[in-house]
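# A structural walkthrough
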Amino acid sequence: MLALRGDQLSPELVTEFGRRMWRASRWLSRMIGDLLDLAQIERGTLLLDMEPTDVEALVADVTAVGVRDERPIGTTADPGLPLVLADAGRLRQVLGNLLSNARKFSPPGSEIAVESRRAGDRVEISVRDRGRGISPAQLERIFRAFVQSDAASTREAGGLGTGLFLVKELCQRMGAEVRVESRPGEGSRFTVSLAVAAAVRAAG
Ligand SMILES: Nc1ncnc2c1ncn2[C@@H]1O[C@H](COP(=O)(O)OP(=O)(O)OP(=O)(O)O)[C@@H](O)[C@H]1O
Ligand SMILES: [Mg+2]
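In this report, we go over the structure that sits alongside the text. (Residues numbered from 1 in each chain as written. Chains lettered and ligands numbered in written order. Predicted model: local features only at pLDDT ≥ 70, side-chain atom pairs only at ≥ 80, totals over all residues. Heavy atoms only, no water.)

## Concerning the overall build of the protein
- A tally of regular secondary structure across the protein gives 7 helices and 7 strands.
- Listing every helix and strand of the protein by position from the N terminus yields α-β-α-β-β-α-β-β-α-α-α-β-β-α.
- In the protein, which comprises 204 residues, the share counted as buried stands at 37%.
- Within the protein, residue pairs in contact and separated by at least 24 positions form 73% of the contacts whose partners lie at least 6 positions apart.
- Only carbon and sulfur atoms are counted for the fraction: they give 55% of the accessible area of the protein, which is about 11,600 Å². (Helix = DSSP H or I, 4+ residues; strand = E, 2+ residues; numbered from the N terminus. Buried < 20%, exposed > 50% of the residue type's maximum accessible area, 1.4 Å probe, protein only. Contact = heavy atoms within 4.5 Å. Areas by Shrake-Rupley, 256 points an atom, 1.4 Å probe, with all protein chains shown as cover.)

Shown next, in the form of structure tokens:
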């Protein structure tokens, strides 16, 4: 590729190289970040900055940045959602990982929905896709580190298989829960349940 002489590079080719380099550097930096997080989790040195967090604003943030590819993201939220207790940066990482999976494992054009709602003393955020879904056998394994289903589309999609392991570990440390419902061929819904900040203060 680099053997091409400068004067042979069309503007389109330069743009395409730029795009590929950008994608590769994003992938590398995420991979390095994931590996550092894994090391910190293993050593027990991961620090969290837990604070009252506005779910609706954070969801708007996470869905606005990143690649808005051909999969439109629809967001809905119950009115007047209370603040939750979370590390905002880590919650952004959790939702970013779930959204990245929703994009990766669903066809272009299919919709992704992020729904936030009140559930008693908790707020639940769901990321739902209409992609290929996950078989019951795989469902038990996907939250383990370095596990990917061996479908060809997963291998093509790349990644290390660390995303959902980090989602689970980060949620656990934030006092949040994560669960998944999925049917092969119909799509998946990942739900993160977080404690309302005022409820934690009252209990503590
Ligand atoms: N929304 C989804 N739809 C279908 N399959 C999924 C979905 N999310 C996760 N999976 C399955 O679970 C596996 C593990 O997901 P995980 O996010 O941990 O890894 P990955 O996305 O393959 O790689 P990485 O997140 O490290 O880039 C995936 O390889 C895929 O097989
Ligand atoms: Mg992933």
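## Topic: the packing of aromatic side chains
- Applying the stated criterion across every chain yields a total of 1 aromatic pair.
- Pairing Phe143 with Phe190 gives two aromatic rings, centres 6.2 Å apart and planes at 70°, and the pair type is edge-to-face. Of this pair, Phe143 sits in the loop between helix H4 (136–139) and helix H5 (152–157) while Phe190 sits in strand E7 (residues 187–195), placing them 47 residues apart in sequence. In this structure, Phe143 and Phe190 share a single accessibility class: buried. (Phe/Tyr/Trp six-rings, centres within 6.5 Å; stacked < 30°, edge-to-face > 60°.)

## Details of the pairing of strand E4 (residues 112–119)
- Where strand E2 (residues 73–77) and E4 come together, 5 bridges link them in parallel fashion. Note that in E4 the partner of Thr75 across the bridge is Val114.
- Inspection of the sheet shows E4 paired to strand E5 (residues 122–129) by 7 bridges, in the antiparallel sense. Bridging across to E5, Val114 finds its partner in Val127.
- From the end of E4 to the start of E5, which pair antiparallel, there are 2 residues, and Gly120 there has a positive phi angle of about 65°. (Pairing = 2+ DSSP bridges.)

## So, the site of ligand 1
- The environment of ligand 1 is formed by 21 residues, the closest being Lys104, Asp129, Gln148, Gly161 and Leu164.
- Between ligand 1 and Gly163, the relevant distance is 3.3 Å, taken from an oxygen atom to a main-chain nitrogen or oxygen of the residue.
- Separating an oxygen atom of ligand 1 from a backbone N or O atom of Leu164 is a distance of 2.9 Å.
- When the free accessible area of ligand 1 is taken as 600 Å², the share hidden by the protein chains comes to 98%.
- Going through the elements one at a time, helix H3 (88–104), helix H6 (163–173) and E7 are the ones with two or more residues in the shell around ligand 1.
- Split by residue class, the shell around ligand 1 holds 7 nonpolar, 10 polar and 4 charged. (Near = heavy atom within 4 Å. Polar contact = N/O pair within 3.5 Å; in protein donor to acceptor, adjacent residues only side chain to side chain. Nonpolar A, V, L, I, M, F, W, Y, C, P; charged D, E, K, R; others polar.)

## What about the packing of H3 against H6?
- Between H3 and H6, whose axes approach to 9 Å, the crossing angle comes to 150°. Relative to H6, the element H3 lies roughly antiparallel. Viewed along their axes, H3 and H6 form a crossing whose handedness is left-handed. Taken together, the residues of H6 that come into contact with H3 (itself represented by Arg90, Gln93, Val94, Asn97, Leu98 and Asn101) are Gly163, Leu164, Leu166, Val167, Leu170 and Cys171.
- Split by residue class, the contact of H3 with H6 holds 7 nonpolar, 4 polar and 1 charged. (Axes fitted to C-alpha atoms, helices over the stretch in contact; angles between N-to-C directions. Parallel < 35°, antiparallel > 145°, perpendicular 65-115°, else oblique. Left-handed = near helix turned anticlockwise from the far one by under 90°.)

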